[in-house]
Amino acid sequence: QDRFTHPMIHRLRSLCPPGPTVLGMYGNLSSLPILLYTGPYPKREELVKLLSYCLGLILASNKGINTGNPTLGVYQVGAFSPYPHHPMYVNVKTHTELWIRRSTRRGLLESGLADVVVIQNLVYAMETLFSTSYRARPFVMMRHPVKRLVDQFYYRQHATWERTYDAELATMSLEDFVTSDKVVENMEVRALVNLQDFSEEVSEAHVALAKEILRRKFVVGIFEWFDVSMVRFEKFYGWWEEKNVLANLTVNNCHYHIIDGGDHIGSYPKVPNTEQIYSMIMTRNWADVELYHYSKTLFAEQAKLV
């Protein structure tokens, strides 16, 4: 018997567990919306491209266009696609609390329009958008904290279009950044356990809870094992057979080009003291590092799901 109990587990009751014990407990699982949780660092472009460009899935995410039309509908984003499908999105956004409330009022889940809902704020979405009447089948792609933070630093240096753009980052070195107070430590753990007070230190108890949330609630992928993780997702959610991924050369080639063109290792400018900087990142983000290594163990254990 699983004796680990915590109020946060109850707050996430709208998430269906990934194991075989859920069969029959929540009705027709194939009818439930699928949830991609990106975490506090939502740079998952390749994954989203695979879902929309290659598999032709309809998404509700931050890329949805604001048509001004209160009636929900599905719209093409962009005029040209070199891939099998044009990206199609529901005309809502799901990346902020304001938009989650709007999506709830407009009946996003009731409409059944989105194949996959992409969210960053897990707990708020679970308590506002989703419910025990509209549960979600979630998956997440975990990335090594060092690579994630370094990637975010170089991205944020020039991302003037982002709400969180900080002009000071443009003139900082990586070493200056990782030793500054601009780094919020252990953001993955904080986000999963809803630790919003950044002045509060992350504890071993928080890490244990984050691990339990991943184990109980998520199908886990590993960004550094991108191709294998994508196959895991496709098989678990039925896309592998539905889209005939292996035999359909058009879909298969789409997979190859997006995955092959991606950077799953981390190609960054060469900087001095790299080992020292990376060691500093790991020390400051010890909880996220521990959660990442646990995710790899969980990934191996979840092979039995497919």
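Preceding block: the structure.
Residues numbered from 1 in each chain as written. Predicted model: local features only at pLDDT ≥ 70, side-chain atom pairs only at ≥ 80, totals over all residues. Heavy atoms only, no water.

## Thoughts on the overall build of the protein chain
Regarding its fold elements, the protein chain presents 14 helices and seven strands. Carbon and sulfur atoms make up 51% of the accessible area of the protein chain, which totals about 14800 Å². (Helix = DSSP H or I, 4+ residues; strand = E, 2+ residues; numbered from the N terminus. Areas by Shrake-Rupley, 256 points an atom, 1.4 Å probe, with all protein chains shown as cover.)

## Focus on the nonpolar core
General note: in soluble globular proteins, nonpolar side chains tend to be found buried as a group. Within the largest apolar cluster, 45 residues are counted, with the highest numbers of intra-cluster contacts made by L35, V117, L122, L192, I213, L214 and F218. Among the elements that make up this core, the one with the highest residue count is helix α14 (residues 286-301) (six residues). The next biggest cluster of nonpolar side chains, apart from the first, holds 29 residues, and it includes I34, C54, V251 and I259. (Core = buried A, V, L, I, M, F, W, Y, C linked by side-chain atoms within 4.5 Å. Buried < 20%, exposed > 50% of the residue type's maximum accessible area, 1.4 Å probe, protein only.)

## Regarding the sheet that holds strand β7 (residues 219-222)
Strand order in the open sheet formed by seven strands is β3-β4-β2-β5-β1-β6-β7, and the pairing between neighbours is mixed. Edge positions in the sheet fall to β3 (74-76) and β7, since each of these pairs with one other strand and no more. Averaged over all pairs of adjacent strands, the angle between strand axes in this sheet comes to 30°, irrespective of strand direction. Bridging between strand β2 (residues 58-60) and strand β4 (residues 88-90) involves two bridges; their strand directions are parallel. Paired with I58 across the two strands is M88, which belongs to β4. (Pairing = 2+ DSSP bridges. Axes fitted to C-alpha atoms, helices over the stretch in contact; angles between N-to-C directions.)

## Considering the state of the cysteines
Tallied over the entire structure, the rule returns one disulfide. The partner cysteine of C54 in its disulfide is C254, sulfur to sulfur 1.9 Å. For the disulfide bridge between C54 and C254, the dihedral angle about the S-S bond is near -80°, and by the sign convention the bridge is left-handed. In this pair, C54 sits in helix α2 (residues 45-54) while C254 sits in helix α12 (residues 249-260), placing the two residues 200 residues apart along the sequence. (Disulfide = S-S within 2.5 Å.)

## Section: unusual backbone geometry
Despite not being glycine, N186 has its phi angle at roughly 55°, a positive value. Inspection of the secondary structure puts N186 in the loop between α7 (174-178) and α8 (187-193). Backbone geometry places N194, a non-glycine residue, at a positive phi of 60°. Structurally, N194 is set in the loop between α8 and α9 (204-217).

## Some points on the packing of helix α6 (residues 145-156) against helix α13 (residues 274-284)
Taken N-terminus to C-terminus, the directions of α6 and α13 make an angle of 110°; their axes are 9 Å apart at the nearest point. In terms of axis orientation, α6 runs roughly perpendicular to α13. Every residue of α13 that contacts α6 at P145, V146, L149 and V150 is listed here: Y278, I281 and M282. Of the residues contributing to the contact of α6 with α13, the split by class is seven nonpolar, no polar and no charged. (Parallel < 35°, antiparallel > 145°, perpendicular 65-115°, else oblique. Contact = heavy atoms within 4.5 Å. Nonpolar A, V, L, I, M, F, W, Y, C, P; charged D, E, K, R; others polar.)

## Structural notes on the pattern of salt bridges
Per the counting criterion, the structure on display carries eleven salt bridges. A salt bridge links D151 to R143, with the nearest nitrogen and oxygen atoms 3.6 Å apart. Accessibility classification places D151 together with R143 in one group, the buried group. Between D166 and K182 there is a salt bridge, with its nearest N and O atoms 2.6 Å apart. One end of the pair, D166, is in the loop between α6 and α7; the other, K182, is in the loop between α7 and α8, with 16 residues separating them in the sequence. (Salt bridge = Lys/Arg side-chain N within 4 Å of Asp/Glu carboxyl O.)

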